[in-house]
Amino acid sequence: MDKIRKHFEFYGRVQGVGFRYRAYHAARQFGVTGWVKNCSDGSVEMEAEGTESDIDSLILAVEKGTFVLIENMSVKTIPIIGSRYFEIID
């Protein structure tokens, strides 16, 4: 399967609810690389690289978080950079 890379911005109740840690563990589970970080405006930004199916599974896993409430999400496909791991950026 072909790899892709997507850039996400998540809005809603996405900070202080374990969003980044859930994303990190789901990314490892599905073999997705990239990064996730909190933004100063209360949103969360993420880049994910993997198959379309694995990235979709990552997003679904994050959305199932007990306290996570994604009210809005923007996404765009960006060039692959060949990252090797998924990290939480502070």
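One can find the structure itself at the top, above this paragraph.
Computed from a prediction, not measured in an experiment: that's the story for all the values here.

A. Quick peek at the packing of helix H1 (residues 19-30) against helix H2 (residues 52-63). At a closest axis distance of 9 Å, the pairing of H1 and H2 adopts a crossing angle of 145 degrees. The interaxial crossing formed by H1 with H2 has right-handed handedness. Residue-level inspection shows Phe19, Arg22, Ala23, Ala26, Ala27 and Phe30 of H1 in contact with H2, the latter providing Asp54, Ser57, Leu58, Ala61 and Val62. In terms of residue class, the contact of H1 with H2 is made up of eight nonpolar, one polar and two charged.

B. Broad picture of the pattern of salt bridges. In this structure the tally under the stated criterion is five salt bridges. Between Arg20 and Asp90 there is a salt bridge, and its shortest N-O distance comes to 3.1 Å. Taken as a pair, Arg20 in helix H1 and Asp90 in the segment after strand E5 (86-89) lie far apart in primary sequence, 70 residues in all. With its nearest N and O atoms 3.8 Å apart, the salt bridge here joins Lys37 to Glu45. Here the residues in one salt-bridge network are Arg5, Glu47 and Glu49, joined through shared partners.

Cut-offs used in this document
Residues numbered from 1 in each chain as written. Predicted model: local features only at pLDDT ≥ 70, side-chain atom pairs only at ≥ 80, totals over all residues. Heavy atoms only, no water. Axes fitted to C-alpha atoms, helices over the stretch in contact; angles between N-to-C directions. Helix = DSSP H or I, 4+ residues; strand = E, 2+ residues; numbered from the N terminus. Left-handed = near helix turned anticlockwise from the far one by under 90°. Contact = heavy atoms within 4.5 Å. Nonpolar A, V, L, I, M, F, W, Y, C, P; charged D, E, K, R; others polar. Salt bridge = Lys/Arg side-chain N within 4 Å of Asp/Glu carboxyl O.

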